[in-house]
Amino acid sequence: MAHKPRLGIQGPVVGWPDPWAGETSDEIMRTGTGSLVPSQDPRPEPKHFMKALSELGADFYVHHVMPDAEEVPKLLADAEEVGLDVCLGNEYGNINGSWVEGTNRYDVTDTAVEQAARSGRCIGLLYDEPEHLQINAAQYRKDGWYPHWGSVDGLDLNSARRRIEEEVEARGRQVQHLLEQAGTPVASMPLISEHVFPVMFHTFARAGMDVCPKIMKESFQSLQLATALGAAKQYGRSLWICADLWGPDAGAWFTRYPGFPGHSPEEFESALKLGYLMGPSHLFVENVDVLLRHTPQGFRKTEYGEVWELFTRSFVPAHPLAWNHTQAEADIAVIHSDDANYGQNERVFGSRTLDSGEAQQSVFHIWHLLSRGTIPSHGSCMHIPGYEFPRHELKRTTAPEAFPLEKGRVIGGESVHGLFYPARSVLVFDEKVTAKTLCKPSLTLAGGSSLSPETFRALAARAEEGGVVIIARWLLPADCPTELKISGRRGAGRWIVTDHFLEDVVREAVEPHLGEPGCWTQRFGASEVRITAKNKEGTRLEFEMAGK
């Protein structure tokens, strides 16, 4: 049977007041910009808003819960009336409080969870950028250092990782207890981890969360998706994808606020197709107020709304999927422990006492190789040295009251962000991956700070079977057999021990496995998605589906 991801739309943050909370939503910060941003359009009636979502082809609505959560019952009733499901997000609480004691994290209230479960309409609890707020604990809360899942200062890397897992597991048990206590028709309510950085996917997945990579944003897409796909596959979790319109660029397109949207309509169209073809369980866009304007005469679509409608009404029906994300397979496997470093090289897992050394940075070197040098060797997203964002110049040169800009404003020359970074069917696993999950990649690279004995044995077996395995020397166990301490032939394959993934012997071994230059592929069982860039900026992609 064909697989169809469920399609969703996330609520407004700048365009108009929350339809249920009304004008009081303008009294809190609704974005991560650190300031109040007044609404630009008049407030719509809730039923008119729900009708607009349905007309855009949404299956579900991602709602930003107000810190007091008092609007939730009315929201759920209106969703029931039009047949929309709801996902409840915690972003407003993260930004404004109320925080769980000792953290910067807002949990949707127990009462709201029970109400949502009883409605039968709630499909999950979305945690907005929990990896970001664990590592950068002072992003919103300024009265101390309170990471999202609690302090890990003084712990070693493995203990810090485990402490976070325990806190996530505890929250999952609490939600499950609320469902059982309320006697609801909902058997479970998944916690969903929505990431801007390609770190901690495996940590949260191992602790029970579904994973949700943001695409567009400031991400290197192949790296972001390979990491999330691998985490979902390894731990049997659902894969949600958020097409996040916040981003670095400015241009001649409808603009609500600097960086919103920070991607062109052309890039948005390609990103929606890209996300869909990864076979996620759910795909949603952030945010609705880029797709629509609300006027006294009602809603009207922007150029982004036109792109979304064309995607939902034409592209999706014309391209039924013969696969889903659970069938993702690796031609190239990357194995590295989840070290929570995206290039900042400090505050890993939110710790102010841990240092980040060569082992934690080795994954950057691996991706530099696998992307044919297009992804930098010193980080895994654009929040690292070397990137200037045009949106910052737009903010410096444009008064807040001038927004929205119907035709935007061009800043500088070419866009900073593109979607295309070549890779050949890469999946990323952590240091606990088994031989069964790893399967039979032609090339496997193992970096990071640690490796389990079972995974080491799986790597040795993979080389014997005919694969090329490249492993960091520091990952060799103390009782490593002598023959595995040196590089050479192993059975039908090769075993290469390296001190640095960018040394010549590694480059030479990797090159034959990289696939066609200028092509990004991802295999799903007998099917393969082939992606190429149709312009030099990489904002317009072409897709080819091969196989069954």
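Data block above holds the structure.
My aim in this report is to walk through the structure given alongside it, one point at a time. (Residues numbered from 1 in each chain as written. Predicted model: local features only at pLDDT ≥ 70, side-chain atom pairs only at ≥ 80, totals over all residues. Heavy atoms only, no water.)

All right, on to the sheet that holds strand β5 (residues 191-195) then. A barrel is described by the order of its strands in space; here eight strands give the closed sequence β1-β2-β3-β4-β5-β6-β7-β8, paired in parallel fashion. Pairs of neighbouring strands in the sheet enclose a mean axial angle of 25 degrees, with direction left out of account. Pairing of β5 with strand β6 (residues 210-216) involves four bridges; the strand directions are parallel. Paired with Glu194 across the bridge in β6 is Cys212. Along the sheet, helix α2 (residues 72-82) contacts β2 (60-64) and β3 (85-89); its crossing angle with β3, the most-contacted strand, is approximately 155 degrees. Contacting β1 (6-10) and β8 (282-286), helix α11 (residues 303-318) crosses the sheet at an angle of about 175 degrees to β1. (Pairing = 2+ DSSP bridges. Helix = DSSP H or I, 4+ residues; strand = E, 2+ residues; numbered from the N terminus. Axes fitted to C-alpha atoms, helices over the stretch in contact; angles between N-to-C directions. Contact = heavy atoms within 4.5 Å.)

Take the nonpolar core next. Counting 162 residues, the largest nonpolar core has Phe268, Leu370 and Trp495 as the members making the most contacts within it. With eight residues, helix α8 (residues 221-235) is the single largest residue contributor to this core. Among residues more than four places away in sequence, those in contact with Leu370 are Ile332, Val334, Pro422, Ala423, Val426, Leu443, Leu445, Val510 and Leu514. Counting residues in each nonpolar core, the second largest holds ten residues, with Val62, Ile123, Cys212 and Trp240 among its members. (Core = buried A, V, L, I, M, F, W, Y, C linked by side-chain atoms within 4.5 Å. Buried < 20%, exposed > 50% of the residue type's maximum accessible area, 1.4 Å probe, protein only.)

In this section: helix α15 (residues 453-465). When the terminal C-alpha atoms of α15 are compared, their 19 Å separation across 13 residues agrees well with the 18 Å that a helix rising 1.5 Å per residue should span. For α15, the complete set of buried residues consists of Thr455, Phe456, Ala458, Leu459, Ala460, Arg462 and Ala463. On its buried side, α15 packs onto β12 (332-336), α14 (435-438), β14 (443-447), β15 (468-472), β16 (488-490) and β17 (493-498). (Expected span 1.5 Å × (residues − 1).)

Further remarks concern the sheet that holds strand β20 (residues 541-547). Strand order in the open sheet made by the four strands is β11-β18-β19-β20, with antiparallel pairing throughout. Unpaired on one side and paired on the other, β11 (328-329) and β20 mark the two borders of the sheet. Two elements, strand β18 (residues 520-524) and strand β19 (residues 527-533), share five bridges in a ladder whose sense is antiparallel. Directly across from Arg523, in β19, lies its bridge partner Glu528. Across the sheet, α8 touches β11 and β18, and the angle it forms with β18 is around 15 degrees. Each of β18, β19 and β20 touches helix α9 (residues 265-277); the most contacted strand, β20, lies at about 20 degrees to it.

What follows concerns the packing of α2 against helix α4 (residues 110-119). Relative placement of two packed helices is described by the angle separating their axes and the distance separating the axes. Running from amino to carboxyl end, α2 crosses α4 at an angle of 15 degrees, the nearest separation of the two axes being 10 Å. One finds that α2 runs roughly parallel with respect to α4. The two elements α2 and α4 meet at a crossing, and its hand is right-handed. Where α2 approaches α4, its residues Val72, Pro73, Leu76 and Glu80 are matched on the opposing element by Ala112, Gln115, Ala116 and Ser119. (Parallel < 35°, antiparallel > 145°, perpendicular 65-115°, else oblique. Left-handed = near helix turned anticlockwise from the far one by under 90°.)

This part covers helix α13 (residues 390-397). Since the α-helix advances by 3.6 residues per turn, residues separated by three or four positions end up pointing in the same direction. Residues Pro390, Arg391 and Leu394 constitute the buried set of α13. Down the axis, α13 shows its buried residues gathered within 100 degrees of arc, on one side only. (Arc of directions from axis to C-beta.)

It is possible for side chains of opposite charge to pair when their charged atoms get near one another. Inspection of every chain in the model, using the stated rule, returns 47 salt bridges. One salt bridge in this structure joins Arg105 and Asp107, with 2.9 Å as the shortest N-O distance. Asp107 carries the same exposure label as Arg105, and that label is buried. For Glu266, the salt bridge identified is with Arg540, shortest N-O distance 2.8 Å. (Salt bridge = Lys/Arg side-chain N within 4 Å of Asp/Glu carboxyl O.)

Turning our attention to the packing of α4 against helix α6 (residues 157-182). Between α4 and α6, the least distance of the axes is 9 Å, while the angle of their chain directions is 55 degrees. Relative to α6, the element α4 is oriented oblique. Between α4 and α6 the crossing geometry is right-handed. Contacts between α4 and α6 involve Asp110, Val113, Glu114, Ala117 and Arg118 from the first element and Arg171, Gln174, Val175, Leu178, Leu179, Gln181 and Ala182 from the second. Split into classes, the residues belonging to the contact of α4 with α6 amount to six nonpolar, two polar and four charged. (Nonpolar A, V, L, I, M, F, W, Y, C, P; charged D, E, K, R; others polar.)

Across the two faces of strand β9 (residues 292-295) the burial is the same, with Leu292 and His294 and Arg293 and Thr295 all buried. Here β9 hands over to strand β10 (residues 298-301) after two residues, the two strands then running antiparallel side by side.

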